[in-house]
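Working through the structure, step by step
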Amino acid sequence: EVGNVGTVYIGKESDSVGEITISNTSSSLSGENMTVGQSGSGTVTQTEGTVEITNTLKLAENSGSNGTYTLNGSSAVLNVGIIDIQEGTGTLELKTGTLKVTTISDSVTNEGVTLNPGHSPGITTVAGNYTHGGAATLHIELAGTTAGTHHDQLDVSGQVNIEGGKLKLEFI
């Protein structure tokens, strides 16, 4: 368990390579910010446990950097304010698990993750296209008529592509 850290850097320096694997159900990592691939290359693979980033998860912050975050475990939970794919080559792989997020700064493909918009209830904004894969679930909480306060909302600035998957409605 790692908690209450300011910013976690993976692949901070130019020509550096950093890798973190979160693979235990009782594992947890929490902090204000995480940068995966600031000037070098960084990879985070989360197959279990909980990662909570209060503010921003940056992928590939600077030109020439590489940053990949893979969420791929049925009990893995990523709870983050903003996922910001920046100037380098940033990749967000949403395979299985649960994602709670307010903003994703680029197009995203959800292959099989349960997406819980915002923070119960809340709004997730995607600044690009959103693809909802055949194994993905969109979990919407409903309690009234005001988006973000009484019900969840997925707000996509680009195209929405539905390739199957599930819509889970929960009355709260």
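Here's what I pulled together on the structure shown here. (Residues numbered from 1 in each chain as written. Predicted model: local features only at pLDDT ≥ 70, side-chain atom pairs only at ≥ 80, totals over all residues. Heavy atoms only, no water.)

A contiguous nonpolar surface patch, about 370 Å² in accessible area, is contributed by Leu 167, Leu 169 and Phe 171. For Leu 169, the location among the structural elements is in strand β15 (residues 166–171). (Patch = residues over 30% accessible without salt bridge, like charges linked within 9 Å, V, L, I, M, F, W, Y side chains within 5 Å. Areas by Shrake-Rupley, 256 points an atom, 1.4 Å probe, with all protein chains shown as cover. Salt bridge = Lys/Arg side-chain N within 4 Å of Asp/Glu carboxyl O. Helix = DSSP H or I, 4+ residues; strand = E, 2+ residues; numbered from the N terminus.)

Scanning the entire structure with this criterion turns up two salt bridges. Lys 58 is the salt-bridge partner of Glu 61, the closest N and O atoms lying 3.6 Å from each other.

Our next topic: the environment of Gly 122. On the secondary structure map, Gly 122 appears in the loop between β9 (113–117) and β10 (123–126). In the structure, Gly 122 is positioned 74 residues away from Glu 48 in sequence and 24 Å away in space, judged by C-alpha atoms. If sequence neighbours within four positions are ignored, Gly 122 has contacts with Pro 117, Gly 148, His 151, Asp 152 and Gln 153. (Contact = heavy atoms within 4.5 Å.)

As paired strands, strand β4 (residues 41–46) and strand β6 (residues 66–85) are joined by six bridges and run parallel to one another. Within the sheet, the bridge partner assigned to Ser 41 lies in β6 and is Asn 66. Relative to β6, strand β5 (residues 50–59) runs parallel, the two sharing eight bridges. Bridge assignment links Glu 52 to a residue of β6, and that residue is Asn 79. Note: β6 against strand β7 (residues 89–104), 13 bridges, orientation parallel. Note on β7: the bridge partner recorded for Val 80 is Val 101. (Pairing = 2+ DSSP bridges.)

Position of His 139 among the secondary structure elements: in strand β12 (residues 137–142). Within the structure, the side chain of His 139 is placed 3.1 Å from the side chain of Asn 116, a separation counted as a polar contact. Residues contacting His 139, with those up to four places away along its chain left out, are Thr 114, Leu 115, Asn 116, Pro 117, Asp 152, Lys 168 and Glu 170. (Polar contact = N/O pair within 3.5 Å; in protein donor to acceptor, adjacent residues only side chain to side chain.)

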